[in-house]
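Breakdown of the fold
In case you want the letters, here they are:
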Amino acid sequence: MAKPVPGLAFLLDTAAQAPGSFVVLSGDEGYLKREALRGLRRHVCGDDQGDLAWSAFLGKEAEWRDVHDALTAVSLFGGGVQAAVVEEADTFVTHHRPQLEDYAAKPPAGALLVLDVKTWPANTRLAKAVDKIGLTLRCQAPDRGAELGQYKRHVKQWLARRASATHQAELRPAAADVLLDLLPLSLGLLDQEVARLALLAGGGAIDSELVREHVGGWRTRKTWDMIDAMADGDAADALQQLDRLLLAGEQPIGLLAQASSTLRRFAAAACLFAQAESAGERPSLRRALEQAGVVKFKLADAERQLKQIGRDRAAELDRRLLAADLAMKGHNSSPTRSRIELERLIVWLSRQADPRRSV
């Protein structure tokens, strides 16, 4: 009987873990689940990431007949695997356990069912059946002991690969150690910091000195405070935090990179919300934010902040951020002029500048 596989181990060697006909993503590390899903999608759809063989359902709304139809549908374009993903599937498993057990006992050829759940007791009949025909990926950080040590080793390996493949930078082993000492064991947060450090490294190596200088402690807290104030529309507080950070030695382009990683999620969520409306669905702001990559413990704050930003400004965020980035790398590249670009962005996002207030 196969044992649950750590989600990071799967990401580090996807080819070694055959998904079979049934995959369960268990745990509460949402970022790791999304990365594992991307790996599974590449397995099913190939590098083109096509949509023809990939169907997604929300667990609290999904019916087994619809999921089963997606798994057994025959593509007009030939063979391949038909995949159905049920997100937030804990209630779905509770309501449809007999059907899931029947599916696991005799899965249709060329089908892949993926369940995203928070809890997955290993002693149930369904869990034991999945172990025989598929794969259970454990997507959460262990609390202590040898498993935690192994998890951290996997995190460092994954961050090094991520830095090279996505951010075109070298993350040195000692730098990865310092990152794990300074920051919580959250993959999303660690990836954001590596992206910011890659910009600061300017195509060079991310070493431990760079990490110590720009990550953790007072500066990190104040940077997140500034970003929250920006999103809340509190220009006075955001400008004050910006002034303190610049006096402490932070570079404007680094602050813009970190702010952009958060603000672009608001832009993506607004786009997803609009797409759902256009499709005649009943959109959920919180679900759109979660799909955009906002971590669960920040969802309530993010929902309030996106409402403050508003639909029109959220739709324009990507363009504004790109313009500020280009300006900082061009005609406004000096520290003084770069500061102005950040100040303009803060004022544009302020409650006082909200176009909905104009008469």
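For the structure itself, consult the block above.
Below: a short report on this structure. Keep in mind that what you see is a predicted model, and the values were worked out from it rather than measured. (Residues numbered from 1 in each chain as written. Predicted model: local features only at pLDDT ≥ 70, side-chain atom pairs only at ≥ 80, totals over all residues. Heavy atoms only, no water.)

1. A closer look at the environment of Asp-66
Looking at the element boundaries, Asp-66 is found in helix 3 (residues 64–72). Relative accessible area serves as the criterion here: at 36%, Asp-66 is assigned to the partly exposed category. For the pair Asp-66 and Ala-84, spaced 18 residues apart in sequence, the C-alpha separation works out to 9.6 Å. (Helix = DSSP H or I, 4+ residues; strand = E, 2+ residues; numbered from the N terminus. Buried < 20%, exposed > 50% of the residue type's maximum accessible area, 1.4 Å probe, protein only.)

2. A word on the nonpolar core
If you look at the biggest cluster of nonpolar residues, it comprises 47 residues, and the most contacted ones within it are Leu-137, Leu-171, Leu-179 and Ile-206. Among the elements that take part in this core, helix 2 (residues 30–45) stands out by supplying 7 residues, more than any other. Excluding anything up to four places from it in sequence, Ile-206 contacts Ala-169, Glu-170, Leu-171, Arg-172, Ala-175, Val-194, Leu-197, Ala-198, Ala-201 and Val-211. Grouped together as the second largest cluster of nonpolar side chains are 38 residues, Leu-242, Ile-309, Leu-345 and Trp-348 included. (Core = buried A, V, L, I, M, F, W, Y, C linked by side-chain atoms within 4.5 Å. Contact = heavy atoms within 4.5 Å.)

3. Notes on the sheet that holds strand 3 (residues 54–58)
In spatial order, the strands read 1-6-2-5-4-3; together these 6 strands make up an open sheet with parallel pairing. Two strands lie at the open edges of the sheet, namely strand 1 (5–6) and strand 3, each paired on one side alone. Judged from the 2 bridges that link them, strand 1 and strand 6 (residues 135–138) form a sheet pairing that is parallel. Looking at the pairing, Val-5 lines up with Leu-137 of strand 6. The strands that helix 3 touches are strand 3, strand 4 (82–87) and strand 5 (111–117); relative to strand 4, the one it contacts most, it runs at about 150 degrees. (Pairing = 2+ DSSP bridges. Axes fitted to C-alpha atoms, helices over the stretch in contact; angles between N-to-C directions.)

4. Looking at helix 12 (residues 235–247)
In an α-helix there are 3.6 residues to a turn, and that puts residues three or four apart on one side. An ideal rise of 1.5 Å per residue puts 18 Å on 13 residues; helix 12 measures up with 18 Å between its terminal C-alpha atoms. Considered for burial, the residues of helix 12 that qualify are Ala-235, Ala-238, Gln-241, Leu-242, Leu-245 and Leu-246. Buried residues of helix 12, viewed axially, fall in a sector of 130 degrees; they line one side. Residues of helix 12 that are exposed and point more than 90 degrees away from the buried face comprise Ala-236 and Leu-247. One or two residues past the end of helix 12 sits Gly-249, with phi positive at roughly 105 degrees. (Expected span 1.5 Å × (residues − 1). Arc of directions from axis to C-beta.)

5. Digging into the packing of helix 13 (residues 252–278) against helix 16 (residues 311–328)
Packed helices, taken two at a time, are described by the angle their axes make and the gap between the axes. Where helix 13 contacts helix 16, the axes come no closer than 8 Å and their chain directions differ by 150 degrees. Regarding the angle of helix 13 to helix 16, the classification is roughly antiparallel. Pair helix 13 / helix 16 crosses with left-handed handedness. Taken together, the residues of helix 16 that come into contact with helix 13 (itself represented by Pro-252, Ile-253, Leu-256, Ser-260, Leu-263, Arg-264, Phe-266, Ala-267, Ala-270, Phe-273 and Glu-277) are Arg-311, Ala-314, Leu-317, Asp-318, Leu-321, Leu-322, Ala-324, Asp-325 and Met-328. Class assignment of the residues belonging to the contact of helix 13 with helix 16 gives a composition of 14 nonpolar, 1 polar and 5 charged. (Parallel < 35°, antiparallel > 145°, perpendicular 65-115°, else oblique. Left-handed = near helix turned anticlockwise from the far one by under 90°. Nonpolar A, V, L, I, M, F, W, Y, C, P; charged D, E, K, R; others polar.)

6. What about the pattern of salt bridges?
According to the stated counting rule, one finds 23 salt bridges in the structure shown. With a closest N to O distance of 2.2 Å, Glu-316 and Arg-319 form a salt bridge. Pair noted here: Glu-316 and Arg-319 are both in helix 16, with a separation of 3 residues, about one helical turn. Each member of the salt-bridge network shares a partner with another, and the members are Glu-35, Arg-38, Arg-162 and Asp-191. (Salt bridge = Lys/Arg side-chain N within 4 Å of Asp/Glu carboxyl O.)

7. Re helix 5 (residues 97–105)
Every buried residue of helix 5 is accounted for by Leu-100, Glu-101, Tyr-103 and Ala-104. Along the long axis of helix 5, the arc covered by the buried residues comes to 160 degrees, so they all point the same way. The exposed residues of helix 5 that point more than 90 degrees off its buried face are Pro-98, Asp-102 and Ala-105. Looking at the packing, one finds that the buried side of helix 5 touches strand 2 (22–26), helix 3, helix 4 (90–95), strand 5 and helix 6 (125–133).

8. A short note on the environment of Ala-73
Within the element layout of this structure, Ala-73 appears in the loop between helix 3 and strand 4. A residue is classified by how much of its surface remains accessible, and Ala-73, at 37% relative accessible area, is partly exposed. Sequence separation between Ala-73 and Tyr-103 is 30 residues, and the spatial gap between their C-alpha atoms is 15 Å.

9. Regarding the packing of helix 9 (residues 187–201) against helix 13
Helix 13 packs onto helix 9 with a crossing angle of 140 degrees between their chain directions and a minimal axis gap of 9 Å. In this structure, the crossing between helix 9 and helix 13 has a hand that is right-handed. Residue-level contacts link Gln-192, Glu-193, Arg-196, Leu-199 and Leu-200 of helix 9 to Gly-254, Ala-257, Gln-258, Ser-261 and Arg-265 of helix 13. Here the contact of helix 9 with helix 13 is composed, by residue class, of 3 nonpolar, 4 polar and 3 charged.

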